[in-house]
Amino acid sequence: MSFTEHCNEIFNQAIRDYHITDNVDTPINNPYDRDSIENRLYLKCWIDTVQWHFEDLIRDPHINPEEGMSLKHRIDRSNQDRTDLVEQIDSYFRQLYSDVTPLPEATINTESPAWAVDRLSILALKIYHMKEQTERTDASAEHVEKCKSKLNILLEQQKDLSLAIDQLLDDIEHGRKYMKVYRQMKMYNDPATNPILYNKK
């Protein structure tokens, strides 16, 4: 089984587990050992899944403003957790390939492996929810057909992205590409760089 096949299995498991209750306040029950990459992948997709539903909730045109602001803060925290987790996954890859010496002609990729895995997790969510739309009995036939067409594109995208990630990892393993990770430098969360925060001191 390739790395991305393993990822997609875990992502689908996390999405299915969340939808047992389909509630953003459901506590996570991660079935994998805390120190394993599987644990990080499951947690990554769980965070993405909860945030997917946060984004649905906040778009309610009748949402109470205070509830909306509270939800916005939860989305911000979720985004930070997501970014932190991507960095943890990249640390796993850096350790995994730490003994590899890049070839003289080795090149760098446009994104790190973990950020590509991040997109794969989101894609699994898009596929799950688009498939739901194709199974609706309360929607028009035209809506269902449009969603079936979109689902086919998403499935093709998943296949292509999975292949690209596996090829990238193979290139890194054999020294044809090298990893260079830039840690997050978000300014709006930092009281030293967000003027709204540092001007209120």
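Given the structure is predicted, the values throughout are model-derived calculations rather than measurements.

## Brief notes about the nonpolar core
Counting residues in hydrophobic clusters, the biggest one holds 40 residues, and the most contacted among them are Phe3, Cys7, Phe11, Leu41, Phe93, Val117 and Ile165. Those elements giving two or more residues to this core turn out to be helix H1 (3-18), helix H2 (37-58), helix H3 (65-96), helix H4 (113-134) and helix H5 (141-173). Sort the elements by how many residues they give to this core and H4 lands first, with nine residues. Excluding anything up to four places from it in sequence, Phe3 contacts Leu41, Phe93, Val117, Asp166 and Leu169.

## Thoughts on the environment of Lys72
For Lys72, the position within the fold is in helix H3. Exposure remark for Lys72: the relative accessible area of 38% places this residue in the partly exposed category. Along the sequence, Lys72 and Leu96 sit 24 residues apart, while their C-alpha atoms lie 36 Å from each other.

## Some remarks on the side chain of His53
With respect to the helices and strands, the residue His53 is situated in helix H2. If we skip the residues at most four places from it in the chain, His53 touches Tyr18, His19, Asp22, Val24 and His129.

## Here's the deal with H1
One full turn of an α-helix is made of 3.6 residues, so residues set three or four places apart face in the same direction. Given a rise of 1.5 Å per residue, 16 residues ought to cover 22 Å, and the 23 Å separating the end C-alpha atoms of H1 matches this to within 8%. Along H1, the residues that are buried comprise Phe3, Thr4, Cys7, Asn8, Ile10, Phe11, Gln13, Ala14, Ile15 and Tyr18. Where H1 is buried, its residues meet H2, H3, H4 and H5.

## A few points about the pattern of salt bridges
In a structure, side chains of opposite charge can pair up when their charged atoms sit close to one another. Scanning the entire structure with this criterion turns up 14 salt bridges. As a salt-bridge pair, Asp25 and Arg74 come within 2.9 Å of each other at their nearest N and O atoms. Separated by 49 residues along the polypeptide, Asp25 in the loop between H1 and H2 and Arg74 in helix H3 bring together distant segments of the chain. Close ionic contact of Asp48 with Arg82 constitutes a salt bridge, the shortest N to O distance being 3.9 Å. Here Asp48 is found in helix H2, whereas its partner Arg82 is found in helix H3, with 34 residues between them in sequence. Via salt bridges that share partners, Lys44, Asp48, Arg82 and Asp118 belong to a single interconnected network.

## Things to note about the side chain of Gln158
Mapped onto the elements, Gln158 comes out in helix H5. Residue class for Gln158 comes out buried when judged on its relative accessible area of 15%. Discounting residues that sit within four places of it in the chain, Gln158 has contacts with Asn8, Leu120, Leu123, Ala124 and Ile127.

## Thoughts on the environment of Ile75
Inspection of the secondary structure puts Ile75 in helix H3. Taking the C-alpha atoms as reference points, Ile75 and Asp171, separated by 96 residues in sequence, lie 35 Å from one another. When residues no more than four places from it in sequence are discounted, the contact partners of Ile75 are Gln51, Phe54, Glu55 and Ile58.

## So, the packing of H2 against H3
Following both chains from N to C, one finds H2 and H3 inclined at 155 degrees, their axes separated by 9 Å at the closest point. The orientation of H2 with respect to H3, classified from their angle, is roughly antiparallel. Helix-helix and strand crossings are classified by hand; for H2 and H3 the assignment is left-handed. Of the residues assigned to the contact of H2 with H3, the class counts are 13 nonpolar, five polar and eight charged.

## Some words on the packing of aromatic side chains
The tally for this structure, following the rule as stated, stands at five aromatic pairs. Ring centres of Tyr18 and Trp46 lie 5.7 Å apart, and the angle between their planes is 75 degrees; this geometry places the pair in the edge-to-face category. Remark: Trp46 occurs in helix H2 and Tyr18 occurs in helix H1; sequence separation between them is 28 residues. Accessibility classification places Tyr18 together with Trp46 in one group, the buried group. A network of ring pairs unites the aromatic residues Tyr18, Tyr32, Tyr42 and Trp46 as a single cluster.

Cut-off values and rules
Residues numbered from 1 in each chain as written. Predicted model: local features only at pLDDT ≥ 70, side-chain atom pairs only at ≥ 80, totals over all residues. Heavy atoms only, no water. Core = buried A, V, L, I, M, F, W, Y, C linked by side-chain atoms within 4.5 Å. Buried < 20%, exposed > 50% of the residue type's maximum accessible area, 1.4 Å probe, protein only. Helix = DSSP H or I, 4+ residues; strand = E, 2+ residues; numbered from the N terminus. Contact = heavy atoms within 4.5 Å. Expected span 1.5 Å × (residues − 1). Salt bridge = Lys/Arg side-chain N within 4 Å of Asp/Glu carboxyl O. Axes fitted to C-alpha atoms, helices over the stretch in contact; angles between N-to-C directions. Parallel < 35°, antiparallel > 145°, perpendicular 65-115°, else oblique. Left-handed = near helix turned anticlockwise from the far one by under 90°. Nonpolar A, V, L, I, M, F, W, Y, C, P; charged D, E, K, R; others polar. Phe/Tyr/Trp six-rings, centres within 6.5 Å; stacked < 30°, edge-to-face > 60°.

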